[in-house]
Amino acid sequence: MKLLDTIDLTNLPKHLAIIMDGNGRWAKQKGMLRALGHESGTKSVKVNIKACAKLGIENLTLYAFSTENWNRPKLEVDTLMKILIRALKKELKTLQDNNIKLNAIGCLEKLPKSAQDELLDVINKTKDNTRMTLTLALSYGSREEIINAVRNISDKVKNNIISIDSIDDSIINEHLYTRNLPEVDLLIRTSGEHRISNFLLWQIAYAELYFTDILWPDFKEQDLYEAIISYQKRERRFGKTSEQIK
Ligand code: IPE
Ligand code: IPE
Ligand code: MG
């Protein structure tokens, strides 16, 4: 029996988030430059986006560039930005053909102007697509996102727009970049690292975590299916007892 056939399509994560890690090590293992690892990583992005849309996953969020990644050597940062621009241009058709809407989270103003323009163009052209929302986390840092939310909420309190007592989960959610997205159900990290690296700290409060040693350029459909099958075998208790869930 094929792996795909063992997936329960009625129990998919509503929101899948992926920390796409290991491009550099993948290249190094092959004696290639890190840039080629990133190039190769874009192929996995395409494969996984299409596989998620086909399965019926409604929200896919990909960690593509963190606030901390700005501290990498300038040459690598420049290369990553070039790869991003090229991939956006090239994959607009993939998004349209698969009815996928593009969204972006992070401090997008820090991206080079040409990347911002390309991003906004693809977001605009795909805005009416309905099958899946693909969110790219770019120049994204969860702490920065939370700081911005706290500032904006404080400002509203100061101006009597909201009261302190009304601050709850939903008010916080509304002030995050992810305001239109449901909570993360499944978080995958490739490359064998067991950390979150400043990604969606608030939003993964009750996510199932899945770590694999596979490096991102090698992570393809079958690996995605395995992660989803692992997710479906878990009992999500949300603090309750097992008996209460059944
Ligand atoms: C993930 O791969 C891509 C980005 C962070 C932009 P890395 O570039 O982190 O690859 P490793 O972790 O060095 O192997
Ligand atoms: C996290 O990977 C960021 C992205 C995948 C975009 P990193 O490779 O930057 O994270 P660390 O440095 O291992 O924590
Ligand atoms: Mg890494």
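Located above this text is the structure these notes cover.
From a predicted model like this one, the values you see are computed outputs, not experimental measurements.

(A) View of the overall build of the chain. Helix and strand counts for the chain stand at 8 helices and 6 strands. Mapped from its N terminus to its C terminus, the chain presents α and β elements in the order β-α-α-β-α-β-α-β-α-α-β-β-α-α. Expressed as lengths along the three principal axes of its C-alpha atoms, the size of the chain is roughly 55 × 50 × 35 Å. Within the chain, the proportion of its 246 residues that are buried is 47%. Taking the intrachain contacts of the chain between residues at least 6 apart in sequence as the baseline, contacts between residues at least 24 apart amount to 77%. Here the chain displays about 13400 Å² of accessible surface, and carbon together with sulfur accounts for 52% of that area.

(B) Summary view of the site of ligand 2. Taken together, Ile 19, Met 20, Asp 21, Tyr 63, Ala 64, Phe 65, Asn 69, Arg 72, Arg 189, Arg 195 and Ser 197 form the complete shell of residues around ligand 2. Arg 72 places a side-chain nitrogen or oxygen 3.3 Å from an oxygen atom of ligand 2. The contact in question runs from an oxygen atom of ligand 2 to an N or O atom on the side chain of Arg 189, over 3.3 Å. For ligand 2, the accessible surface in isolation is 390 Å², of which the surrounding protein chains cover 77%. For the shell around ligand 2, the leading source of residues is strand β2 (residues 59-66), giving 3 residues. Residue composition of the shell around ligand 2, by class: 5 nonpolar, 2 polar and 4 charged.

(C) Broad picture of the nonpolar core. Counting residues in each nonpolar core, the largest one holds 46 residues, and the members touching the most others are Leu 16, Leu 60, Leu 62, Leu 134, Ile 188 and Leu 224. Ranked by the residues each element gives to this core, the list is headed by helix α3 (residues 74-97), at 8 residues. The residues touching Leu 60, leaving out its near neighbours within four places in the chain, are Leu 16, Ile 18, Asn 48, Ile 49, Cys 52, Met 132, Thr 133, Leu 134 and Thr 135. Ala 17, Ala 137, Tyr 140 and Leu 200 belong to the second-largest nonpolar core, a separate cluster that totals 13 residues.

(D) Broad picture of the environment of Val 184. Mapped onto the fold, Val 184 is located in the loop between α6 (169-174) and β5 (186-189). Under the relative-accessibility criterion, Val 184 is labelled buried at 0%. Between the alpha carbons of Val 184 and Tyr 206 there is a distance of 7.5 Å; along the sequence they are 22 residues apart. Ignoring anything within four residues of it in the chain, the contact list for Val 184 reads His 15, Ala 17, Leu 200, Gln 203, Ile 204, Tyr 206, Ala 207 and Arg 236.

(E) Representation of the site of ligand 1 in the model. Around ligand 1 sit Met 20, Asp 21, Gly 22, Asn 23, Gly 24, Arg 25, Arg 34, His 38, Ala 64, Asn 69, Arg 72 and Leu 80, and that is every residue in its neighbourhood. The contact in question runs from an oxygen atom of ligand 1 to an N or O atom on the side chain of Asp 21, over 2.8 Å. Here an oxygen atom of ligand 1 sits 3.4 Å away from a polar atom, N or O, in the main chain of Gly 22. Where the shell around ligand 1 is concerned, the elements lending two or more residues are α1 (23-29) and α2 (34-55). Considering each element in turn, the shell around ligand 1 owes the most residues, 3 residues, to α1. Considering only residue class, the shell around ligand 1 consists of 3 nonpolar, 5 polar and 4 charged.

(F) Molecular detail of helix α4 (residues 113-125). Taking 1.5 Å per residue, 13 residues should reach 18 Å; α4 reaches 18 Å between its end C-alpha atoms and fits that length. Looking only at α4, the buried set comprises Ala 115, Glu 118, Leu 119 and Val 122. Take α4 and look down its axis: the buried residues cluster within an arc of 100 degrees, on one side only. Along α4, the residues that are exposed and aim more than 90 degrees away from the buried face are Lys 113 and Leu 120. Taken together, the buried residues of α4 touch α3, β3 (100-105) and β4 (132-140).

(G) Looking closely at unusual backbone geometry. The phi torsion at Asn 99 lies on the positive side, around 60 degrees, for a residue other than glycine. The partly exposed category is assigned to Asn 99, whose relative accessible area is 29%. The backbone of Asn 160 sits at a positive phi, close to 55 degrees, despite the residue not being glycine. By the secondary structure assignment, Asn 160 is in the loop between α5 (142-158) and α6. Residue classification places Asn 160 among the exposed residues on the basis of a relative accessible area of 68%.

Reading the values: the criteria
- Residues numbered from 1 in each chain as written.
- Chains lettered and ligands numbered in written order.
- Predicted model: local features only at pLDDT ≥ 70, side-chain atom pairs only at ≥ 80, totals over all residues.
- Heavy atoms only, no water.
- Helix = DSSP H or I, 4+ residues; strand = E, 2+ residues; numbered from the N terminus.
- Buried < 20%, exposed > 50% of the residue type's maximum accessible area, 1.4 Å probe, protein only.
- Contact = heavy atoms within 4.5 Å.
- Areas by Shrake-Rupley, 256 points an atom, 1.4 Å probe, with all protein chains shown as cover.
- Near = heavy atom within 4 Å.
- Polar contact = N/O pair within 3.5 Å; in protein donor to acceptor, adjacent residues only side chain to side chain.
- Nonpolar A, V, L, I, M, F, W, Y, C, P; charged D, E, K, R; others polar.
- Core = buried A, V, L, I, M, F, W, Y, C linked by side-chain atoms within 4.5 Å.
- Expected span 1.5 Å × (residues − 1).
- Arc of directions from axis to C-beta.

Bear in mind that shape data such as this cannot, by itself, settle questions of function.
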